[in-house]
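The chain contents come next:
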Amino acid sequence: MSERGEGTDEQEFEIDERLRRWRLALGGAPGAEGTGYGLSGTDAAVDAALGALYDSGGTDGTPNQRGAGLGASAPRVARWLGDIRQYFPSTVVQVMQADAIERLNLTRLLLEPEMLDAVEPDVHLVGTLLSLNRVMPDKSKRAARKVVAKVVAELERRISQPTRTALSGALNRAARINRPRHHDIDWNRTIRANLKHYQVDRRTIVPERLIGYGRRAQAVQRDVVLCVDQSGSMAASVVYSGVFAAVLASMRSLKTSLVVFDTAVVDLTDRLSDPVDVLFGTQLGGGTDINRAIAYGQQLITRPRDTIFVLISDLYEGGVREEMLRRVAAMTAAGVQVITLLALSDEGAPDYDRENAAALAALGVPAFACTPDVFPELMAAAIEHRDLRGIMERAAAESKK
(Lines give C-alpha, C1' and ligand atoms only; values in the text may rest on other atoms or scores of the structure.)
Protein backbone atom coordinates (compact mmCIF):
# COMPACT_ATOMS: atom_id res chain seq x y z
CA MET A 1 0.00 0.00 0.00
CA SER A 2 2.81 2.35 0.87
CA GLU A 3 4.58 1.56 -2.39
CA ARG A 4 1.44 2.44 -4.33
CA GLY A 5 1.21 5.71 -2.43
CA GLU A 6 4.84 6.57 -3.14
CA GLY A 7 4.33 5.80 -6.81
CA THR A 8 1.24 8.01 -6.92
CA ASP A 9 3.12 10.90 -5.27
CA GLU A 10 5.96 10.54 -7.74
CA GLN A 11 3.58 10.51 -10.70
CA GLU A 12 1.79 13.59 -9.40
CA PHE A 13 5.13 15.36 -8.98
CA GLU A 14 6.10 14.53 -12.57
CA ILE A 15 2.73 15.82 -13.83
CA ASP A 16 3.09 19.04 -11.81
CA GLU A 17 6.64 19.52 -13.09
CA ARG A 18 5.54 19.10 -16.70
CA LEU A 19 2.70 21.58 -16.19
CA ARG A 20 5.10 24.01 -14.51
CA ARG A 21 7.53 23.85 -17.43
CA TRP A 22 4.77 24.22 -20.00
CA ARG A 23 3.37 27.19 -18.08
CA LEU A 24 6.75 28.92 -18.08
CA ALA A 25 7.25 28.18 -21.77
CA LEU A 26 3.76 29.22 -22.92
CA GLY A 27 3.14 32.16 -20.61
CA GLY A 28 -0.36 33.43 -19.99
CA ALA A 29 -2.16 36.11 -18.05
CA PRO A 30 -2.29 35.64 -14.25
CA GLY A 31 -5.32 33.55 -13.28
CA ALA A 32 -5.95 32.47 -16.88
CA GLU A 33 -3.02 30.22 -17.69
CA GLY A 34 -3.71 27.79 -20.50
CA THR A 35 -2.27 24.96 -18.43
CA GLY A 36 -4.39 25.72 -15.39
CA TYR A 37 -1.17 25.79 -13.39
CA GLY A 38 -0.50 28.80 -11.17
CA LEU A 39 2.99 30.08 -10.42
CA SER A 40 4.36 31.45 -7.18
CA GLY A 41 7.64 32.46 -5.59
CA THR A 42 10.71 32.30 -7.82
CA ASP A 43 8.70 30.78 -10.67
CA ALA A 44 6.42 33.81 -10.71
CA ALA A 45 9.46 36.13 -10.82
CA VAL A 46 10.99 34.13 -13.70
CA ASP A 47 7.67 34.26 -15.54
CA ALA A 48 7.47 38.02 -15.04
CA ALA A 49 10.97 38.47 -16.50
CA LEU A 50 10.05 36.38 -19.53
CA GLY A 51 6.69 38.08 -19.91
CA ALA A 52 8.22 41.55 -19.84
CA LEU A 53 10.09 40.66 -23.01
CA TYR A 54 8.07 38.05 -24.87
CA ASP A 55 4.49 39.02 -23.88
CA SER A 56 4.89 42.74 -24.48
CA GLY A 57 3.16 42.83 -27.84
CA GLY A 58 1.35 40.79 -30.46
CA THR A 59 2.65 40.11 -33.93
CA ASP A 60 0.61 43.03 -35.25
CA GLY A 61 2.23 45.43 -32.79
CA THR A 62 -0.79 45.67 -30.46
CA PRO A 63 -0.27 44.92 -26.76
CA ASN A 64 -1.13 41.48 -25.43
CA GLN A 65 -3.47 41.14 -22.49
CA ARG A 66 -0.57 40.95 -20.09
CA GLY A 67 1.13 43.97 -21.67
CA ALA A 68 3.92 44.27 -19.12
CA GLY A 69 6.77 45.35 -21.37
CA LEU A 70 9.94 47.10 -20.38
CA GLY A 71 8.72 50.57 -21.10
CA ALA A 72 11.03 53.41 -22.00
CA SER A 73 12.63 53.77 -18.58
CA ALA A 74 16.32 52.99 -18.30
CA PRO A 75 16.08 52.20 -14.55
CA ARG A 76 13.27 49.75 -15.23
CA VAL A 77 15.27 48.07 -17.99
CA ALA A 78 18.33 47.92 -15.75
CA ARG A 79 16.30 46.18 -13.04
CA TRP A 80 14.99 43.71 -15.60
CA LEU A 81 18.54 43.01 -16.77
CA GLY A 82 19.49 42.32 -13.18
CA ASP A 83 16.54 39.96 -12.80
CA ILE A 84 17.37 37.83 -15.84
CA ARG A 85 21.00 37.58 -14.75
CA GLN A 86 19.74 36.23 -11.44
CA TYR A 87 17.42 33.62 -12.92
CA PHE A 88 19.17 32.47 -16.12
CA PRO A 89 22.68 31.34 -17.16
CA SER A 90 24.81 33.87 -19.05
CA THR A 91 24.26 32.20 -22.44
CA VAL A 92 20.47 32.58 -22.04
CA VAL A 93 20.88 36.14 -20.74
CA GLN A 94 22.80 37.10 -23.88
CA VAL A 95 20.02 35.74 -26.10
CA MET A 96 17.35 37.60 -24.11
CA GLN A 97 19.35 40.84 -24.26
CA ALA A 98 19.65 40.54 -28.03
CA ASP A 99 15.91 39.81 -28.31
CA ALA A 100 15.09 42.82 -26.12
CA ILE A 101 17.19 45.15 -28.27
CA GLU A 102 15.51 43.87 -31.44
CA ARG A 103 11.90 43.33 -30.28
CA LEU A 104 11.52 46.34 -28.00
CA ASN A 105 13.81 48.80 -29.78
CA LEU A 106 16.02 49.37 -26.76
CA THR A 107 19.02 50.58 -28.76
CA ARG A 108 18.56 54.14 -27.54
CA LEU A 109 18.62 52.99 -23.92
CA LEU A 110 22.05 51.46 -24.45
CA LEU A 111 23.32 55.03 -24.32
CA GLU A 112 22.39 55.13 -20.62
CA PRO A 113 25.33 54.32 -18.30
CA GLU A 114 22.97 52.71 -15.77
CA MET A 115 21.84 50.20 -18.36
CA LEU A 116 25.37 49.48 -19.55
CA ASP A 117 26.37 48.65 -16.00
CA ALA A 118 23.62 46.00 -15.87
CA VAL A 119 24.14 44.16 -19.15
CA GLU A 120 25.84 40.80 -19.68
CA PRO A 121 28.70 41.62 -22.10
CA ASP A 122 29.10 39.56 -25.27
CA VAL A 123 30.37 39.96 -28.81
CA HIS A 124 26.98 40.95 -30.23
CA LEU A 125 26.40 43.60 -27.59
CA VAL A 126 29.84 45.04 -28.39
CA GLY A 127 28.80 45.21 -32.05
CA THR A 128 25.66 47.14 -31.12
CA LEU A 129 27.65 49.56 -28.96
CA LEU A 130 30.17 50.15 -31.72
CA SER A 131 27.33 51.02 -34.11
CA LEU A 132 26.28 53.74 -31.63
CA ASN A 133 29.81 55.04 -31.18
CA ARG A 134 29.34 58.36 -32.97
CA VAL A 135 26.13 59.32 -31.17
CA MET A 136 27.22 58.13 -27.73
CA PRO A 137 27.78 60.90 -25.14
CA ASP A 138 31.07 60.89 -23.25
CA LYS A 139 29.46 59.64 -20.04
CA SER A 140 27.99 56.65 -21.83
CA LYS A 141 31.17 56.06 -23.81
CA ARG A 142 33.12 55.53 -20.59
CA ALA A 143 30.62 52.90 -19.46
CA ALA A 144 30.57 51.33 -22.92
CA ARG A 145 34.35 51.13 -22.92
CA LYS A 146 34.22 49.01 -19.76
CA VAL A 147 31.77 46.63 -21.42
CA VAL A 148 33.95 46.36 -24.53
CA ALA A 149 37.12 45.90 -22.44
CA LYS A 150 35.53 43.00 -20.56
CA VAL A 151 34.60 41.21 -23.79
CA VAL A 152 38.01 41.88 -25.33
CA ALA A 153 39.77 40.47 -22.27
CA GLU A 154 37.71 37.28 -22.51
CA LEU A 155 38.38 36.95 -26.24
CA GLU A 156 42.11 37.49 -25.73
CA ARG A 157 42.10 34.79 -23.05
CA ARG A 158 40.39 32.44 -25.50
CA ILE A 159 42.41 33.07 -28.66
CA SER A 160 45.76 34.59 -27.74
CA GLN A 161 47.73 31.51 -26.71
CA PRO A 162 46.41 29.16 -29.44
CA THR A 163 47.18 31.82 -32.04
CA ARG A 164 50.73 32.47 -30.86
CA THR A 165 51.46 28.75 -30.56
CA ALA A 166 50.14 27.90 -34.03
CA LEU A 167 51.83 30.82 -35.77
CA SER A 168 55.14 30.50 -33.94
CA GLY A 169 55.38 26.88 -35.03
CA ALA A 170 54.52 27.82 -38.61
CA LEU A 171 57.08 30.63 -38.66
CA ASN A 172 59.75 28.29 -37.30
CA ARG A 173 59.04 25.71 -39.97
CA ALA A 174 58.93 28.37 -42.68
CA ALA A 175 62.33 29.67 -41.55
CA ARG A 176 64.18 26.34 -41.86
CA ILE A 177 67.52 26.67 -43.63
CA ASN A 178 69.99 24.13 -44.99
CA ARG A 179 73.11 25.58 -43.36
CA PRO A 180 72.04 25.99 -39.75
CA ARG A 181 74.34 26.71 -36.88
CA HIS A 182 74.83 23.77 -34.56
CA HIS A 183 72.28 24.92 -31.95
CA ASP A 184 69.76 25.65 -34.73
CA ILE A 185 69.81 22.13 -36.22
CA ASP A 186 66.47 20.30 -36.31
CA TRP A 187 67.86 16.83 -35.60
CA ASN A 188 64.64 14.90 -36.16
CA ARG A 189 64.16 16.26 -39.67
CA THR A 190 67.89 16.04 -40.43
CA ILE A 191 67.97 12.34 -39.52
CA ARG A 192 64.86 11.57 -41.55
CA ALA A 193 66.28 13.40 -44.56
CA ASN A 194 69.58 11.47 -44.38
CA LEU A 195 68.49 7.92 -43.57
CA LYS A 196 69.75 6.77 -46.97
CA HIS A 197 73.26 7.75 -45.85
CA TYR A 198 73.30 5.30 -42.96
CA GLN A 199 76.75 3.65 -42.64
CA VAL A 200 76.29 0.03 -41.61
CA ASP A 201 79.88 -0.55 -40.61
CA ARG A 202 79.96 2.57 -38.46
CA ARG A 203 76.36 2.16 -37.28
CA THR A 204 75.70 5.85 -37.77
CA ILE A 205 74.33 8.36 -40.25
CA VAL A 206 76.68 10.65 -42.13
CA PRO A 207 74.43 13.61 -42.94
CA GLU A 208 74.77 15.07 -46.38
CA ARG A 209 72.32 17.88 -45.68
CA LEU A 210 71.55 19.64 -42.39
CA ILE A 211 68.08 21.02 -41.76
CA GLY A 212 67.50 23.66 -39.14
CA TYR A 213 65.67 26.76 -38.07
CA GLY A 214 66.48 30.29 -39.09
CA ARG A 215 67.25 32.81 -36.39
CA ARG A 216 63.72 34.00 -35.72
CA ALA A 217 64.56 37.27 -34.04
CA GLN A 218 66.60 38.64 -36.93
CA ALA A 219 63.81 39.87 -39.20
CA VAL A 220 60.11 40.03 -39.92
CA GLN A 221 59.21 36.89 -41.84
CA ARG A 222 55.68 37.65 -43.02
CA ASP A 223 53.58 40.75 -43.63
CA VAL A 224 49.88 40.39 -42.80
CA VAL A 225 47.26 42.83 -44.05
CA LEU A 226 43.78 42.43 -42.57
CA CYS A 227 41.18 44.33 -44.59
CA VAL A 228 37.86 44.27 -42.72
CA ASP A 229 34.40 45.22 -43.95
CA GLN A 230 32.65 47.23 -41.22
CA SER A 231 29.16 47.24 -42.70
CA GLY A 232 26.44 46.46 -40.15
CA SER A 233 26.11 42.79 -41.07
CA MET A 234 29.78 42.20 -40.22
CA ALA A 235 29.60 43.33 -36.57
CA ALA A 236 30.84 40.13 -34.90
CA SER A 237 33.57 39.73 -37.54
CA VAL A 238 34.82 43.26 -36.83
CA VAL A 239 35.12 42.47 -33.12
CA TYR A 240 37.03 39.22 -33.65
CA SER A 241 39.21 40.77 -36.37
CA GLY A 242 40.26 43.61 -34.08
CA VAL A 243 41.31 41.24 -31.31
CA PHE A 244 43.12 38.86 -33.67
CA ALA A 245 44.92 41.80 -35.30
CA ALA A 246 46.19 42.94 -31.90
CA VAL A 247 47.47 39.42 -31.13
CA LEU A 248 49.25 39.17 -34.50
CA ALA A 249 50.76 42.62 -34.04
CA SER A 250 52.32 41.47 -30.76
CA MET A 251 54.44 38.88 -32.62
CA ARG A 252 57.78 40.32 -33.75
CA SER A 253 58.11 37.95 -36.70
CA LEU A 254 54.97 39.41 -38.26
CA LYS A 255 54.30 42.88 -39.58
CA THR A 256 50.55 43.34 -39.16
CA SER A 257 48.36 46.04 -40.67
CA LEU A 258 44.63 46.51 -40.00
CA VAL A 259 42.38 48.40 -42.38
CA VAL A 260 38.62 48.78 -41.90
CA PHE A 261 36.27 50.11 -44.52
CA ASP A 262 32.75 50.98 -45.57
CA THR A 263 32.65 53.57 -48.35
CA ALA A 264 35.72 55.12 -46.73
CA VAL A 265 38.93 53.44 -45.57
CA VAL A 266 40.47 53.81 -42.09
CA ASP A 267 43.93 52.48 -41.20
CA LEU A 268 43.94 51.38 -37.54
CA THR A 269 47.44 49.87 -37.54
CA ASP A 270 48.78 52.48 -35.11
CA ARG A 271 46.17 51.43 -32.51
CA LEU A 272 46.97 47.71 -32.48
CA SER A 273 48.67 47.89 -29.09
CA ASP A 274 45.19 48.32 -27.56
CA PRO A 275 42.36 46.27 -29.12
CA VAL A 276 39.74 48.33 -27.27
CA ASP A 277 41.06 51.43 -29.04
CA VAL A 278 40.94 49.49 -32.29
CA LEU A 279 37.27 48.65 -31.85
CA PHE A 280 36.33 52.21 -30.93
CA GLY A 281 38.10 53.30 -34.09
CA THR A 282 35.56 51.38 -36.17
CA GLN A 283 32.12 52.59 -37.19
CA LEU A 284 29.65 49.86 -38.04
CA GLY A 285 27.06 50.57 -40.72
CA GLY A 286 27.05 52.41 -44.00
CA GLY A 287 27.85 51.25 -47.51
CA THR A 288 30.66 49.13 -48.86
CA ASP A 289 33.47 49.93 -51.30
CA ILE A 290 35.69 46.86 -51.40
CA ASN A 291 37.62 48.10 -54.42
CA ARG A 292 38.74 51.24 -52.59
CA ALA A 293 39.79 49.22 -49.56
CA ILE A 294 41.85 46.79 -51.65
CA ALA A 295 43.46 49.71 -53.46
CA TYR A 296 44.60 51.10 -50.11
CA GLY A 297 45.77 47.67 -48.98
CA GLN A 298 47.89 47.29 -52.11
CA GLN A 299 49.87 50.36 -51.06
CA LEU A 300 50.88 48.56 -47.84
CA ILE A 301 52.45 45.63 -49.71
CA THR A 302 56.22 45.92 -50.13
CA ARG A 303 57.14 42.20 -50.19
CA PRO A 304 54.46 40.45 -52.25
CA ARG A 305 55.80 36.91 -51.87
CA ASP A 306 55.99 37.27 -48.12
CA THR A 307 52.58 38.92 -47.72
CA ILE A 308 49.26 37.43 -46.63
CA PHE A 309 46.29 39.63 -47.55
CA VAL A 310 43.08 38.67 -45.70
CA LEU A 311 39.86 40.29 -46.92
CA ILE A 312 37.03 39.83 -44.39
CA SER A 313 33.77 40.77 -46.11
CA ASP A 314 30.39 39.44 -47.23
CA LEU A 315 31.48 40.66 -50.71
CA TYR A 316 28.45 42.87 -51.38
CA GLU A 317 30.31 45.45 -53.42
CA GLY A 318 29.03 48.99 -53.78
CA GLY A 319 32.13 50.11 -55.67
CA VAL A 320 33.54 49.06 -59.03
CA ARG A 321 33.34 45.26 -59.12
CA GLU A 322 35.51 44.74 -62.21
CA GLU A 323 38.28 46.91 -60.78
CA MET A 324 38.12 45.01 -57.50
CA LEU A 325 38.63 41.70 -59.30
CA ARG A 326 41.49 43.16 -61.37
CA ARG A 327 43.26 44.31 -58.22
CA VAL A 328 42.92 40.86 -56.62
CA ALA A 329 44.25 39.23 -59.81
CA ALA A 330 47.22 41.62 -59.81
CA MET A 331 48.05 40.80 -56.20
CA THR A 332 47.96 37.04 -56.74
CA ALA A 333 50.06 37.39 -59.90
CA ALA A 334 52.67 39.28 -57.87
CA GLY A 335 52.84 36.41 -55.37
CA VAL A 336 50.60 37.78 -52.61
CA GLN A 337 48.62 35.08 -50.82
CA VAL A 338 45.04 36.41 -50.85
CA ILE A 339 42.34 34.86 -48.66
CA THR A 340 38.70 35.96 -48.40
CA LEU A 341 36.77 35.25 -45.23
CA LEU A 342 33.02 35.72 -45.63
CA ALA A 343 32.84 35.95 -41.84
CA LEU A 344 35.15 35.60 -38.86
CA SER A 345 32.66 34.68 -36.15
CA ASP A 346 30.88 31.83 -34.40
CA GLU A 347 27.68 32.33 -36.37
CA GLY A 348 28.36 30.05 -39.32
CA ALA A 349 27.80 30.69 -43.01
CA PRO A 350 26.54 34.25 -43.58
CA ASP A 351 24.54 35.82 -46.35
CA TYR A 352 27.08 36.84 -49.00
CA ASP A 353 27.44 37.74 -52.68
CA ARG A 354 27.83 34.34 -54.32
CA GLU A 355 28.69 35.78 -57.72
CA ASN A 356 31.67 37.68 -56.34
CA ALA A 357 32.74 34.66 -54.27
CA ALA A 358 32.70 32.50 -57.42
CA ALA A 359 34.68 35.13 -59.34
CA LEU A 360 37.35 35.19 -56.63
CA ALA A 361 37.47 31.39 -56.56
CA ALA A 362 38.13 31.44 -60.30
CA LEU A 363 41.18 33.61 -59.54
CA GLY A 364 42.43 31.01 -57.09
CA VAL A 365 41.33 32.99 -54.03
CA PRO A 366 39.40 30.88 -51.50
CA ALA A 367 36.26 32.45 -50.02
CA PHE A 368 34.68 30.83 -46.98
CA ALA A 369 33.36 31.56 -43.50
CA CYS A 370 35.80 30.91 -40.66
CA THR A 371 35.22 30.48 -36.94
CA PRO A 372 37.66 32.07 -34.47
CA ASP A 373 38.84 28.62 -33.36
CA VAL A 374 39.96 27.74 -36.91
CA PHE A 375 41.59 31.10 -37.71
CA PRO A 376 44.99 30.33 -36.07
CA GLU A 377 45.27 27.11 -38.08
CA LEU A 378 44.33 29.01 -41.25
CA MET A 379 47.01 31.64 -40.70
CA ALA A 380 49.61 28.97 -39.87
CA ALA A 381 48.83 27.18 -43.14
CA ALA A 382 49.07 30.47 -45.05
CA ILE A 383 52.46 31.24 -43.51
CA GLU A 384 53.76 27.86 -44.69
CA HIS A 385 52.09 28.20 -48.10
CA ARG A 386 50.17 24.98 -47.52
CA ASP A 387 47.04 23.97 -49.40
CA LEU A 388 44.05 25.56 -47.66
CA ARG A 389 41.39 23.13 -48.87
CA GLY A 390 41.53 21.04 -45.69
CA ILE A 391 41.21 24.19 -43.58
CA MET A 392 38.23 25.33 -45.66
CA GLU A 393 36.48 22.00 -45.12
CA ARG A 394 37.10 22.14 -41.38
CA ALA A 395 35.91 25.74 -41.23
CA ALA A 396 32.72 24.78 -43.07
CA ALA A 397 32.12 21.94 -40.61
CA GLU A 398 32.76 24.22 -37.62
CA SER A 399 30.42 26.90 -38.93
CA LYS A 400 27.55 24.39 -39.19
CA LYS A 401 27.76 23.33 -35.53
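You'll find the structure just up there.
Residues numbered from 1 in each chain as written. Predicted model: local features only at pLDDT ≥ 70, side-chain atom pairs only at ≥ 80, totals over all residues. Heavy atoms only, no water.

Asks: Give a description of helix 9 (residues 235–249) that names residues and reports values.
Replies: If you check helix 9, its first and last C-alpha atoms are 21 Å apart, about what 15 residues at 1.5 Å a residue would give, namely 21 Å. With 14 of 15 residues buried, helix 9 lies mostly within the body of the structure. (Helix = DSSP H or I, 4+ residues; strand = E, 2+ residues; numbered from the N terminus. Expected span 1.5 Å × (residues − 1). Buried < 20%, exposed > 50% of the residue type's maximum accessible area, 1.4 Å probe, protein only.)

Asks: I'd like a rundown of the side chain of T163, residues and numbers included.
Replies: If you trace the backbone, T163 turns up in helix 7 (residues 138–174). On the accessibility criterion, T163 (1% relative accessible area) is buried.

Asks: How would you sum up the nonpolar core? Please name residues and give values.
Replies: One finds L110, L129, L226, L341, F375 and L378 to be the most contacted residues of the largest nonpolar core, which totals 67 residues. Top element by residues in this core is helix 7. It accounts for 11 residues. Among residues more than four places away in sequence, those in contact with L129 are L110, L116, M136, A144, V147 and V148. M324, Y352, A359 and L360 belong to the second largest nonpolar core, which has 22 residues in total. (Core = buried A, V, L, I, M, F, W, Y, C linked by side-chain atoms within 4.5 Å. Contact = heavy atoms within 4.5 Å.)

Asks: Could you give an account of the packing of aromatic side chains, with specific residues and numbers?
Replies: Under the counting rule described, the total for this entry stands at 1 aromatic pair. Seen in terms of ring centroids, F244 and F375 are 4.5 Å apart; in terms of plane orientation they differ by 50 degrees. Their pairing is tilted. Residue F244 is found in helix 9, and its partner F375 is found in helix 14 (residues 375–383); the two are separated by 131 residues along the sequence. Taking the relative accessible area as the measure of exposure, F244 reaches 0% and is therefore buried. (Phe/Tyr/Trp six-rings, centres within 6.5 Å; stacked < 30°, edge-to-face > 60°.)

Asks: Could you give an account of the layout of surface pockets, with specific residues and numbers?
Replies: Considered as a void within the structure, the largest pocket measures approximately 400 Å³ in volume. Looking at the largest pocket, it is lined by 25 residues, and the ones nearest its centre are H124, G232, S233, A235 and A236. Per-element tally for the lining of the largest pocket: the top contributor is helix 4 (residues 90–103), with 6 residues. As a volume, the second largest pocket reaches approximately 270 Å³. As for the second largest pocket, its lining consists of 15 residues, and the residues nearest its centre are Q94, D122, V123, V151 and L155. (1 Å grid on protein atoms, 1.4 Å probe; cavity = no way out; pocket = protein on both sides within 12 Å on 5 of 7 lines; lining within 4 Å. Points joined across faces, edges and corners; volume = space filled by probe spheres on them.)

Asks: Describe a nonpolar patch on the surface, naming the residues involved and giving the relevant values.
Replies: Together, W187, I191 and L195 make up an exposed nonpolar region whose accessible area comes to about 310 Å². Tracing the chain through its elements places L195 in the loop between helix 8 (187–193) and strand 1 (198–199). (Patch = residues over 30% accessible without salt bridge, like charges linked within 9 Å, V, L, I, M, F, W, Y side chains within 5 Å. Areas by Shrake-Rupley, 256 points an atom, 1.4 Å probe, with all protein chains shown as cover. Salt bridge = Lys/Arg side-chain N within 4 Å of Asp/Glu carboxyl O.)

Asks: Residues and numbers for the pairing of strand 7 (residues 337–344), please.
Replies: When you tally the buried positions in strand 7, you get 8 out of 8 residues, the bulk of the element. Relative to strand 7, strand 6 (residues 307–312) runs parallel, the two sharing 5 bridges. Within the sheet, the bridge partner assigned to L311 lies in strand 7 and is T340. Running through helix 12 (residues 321–333), the crossover from strand 6 to the neighbouring parallel element strand 7 is right-handed. Bridge count between strand 7 and strand 8 (residues 367–370): 4 bridges; the pairing is parallel. Residue T340 lies in a different strand from strand 8, and its bridge partner there is A367. (Pairing = 2+ DSSP bridges. Right-handed = clockwise from strand over helix to strand, strands pointing away.)

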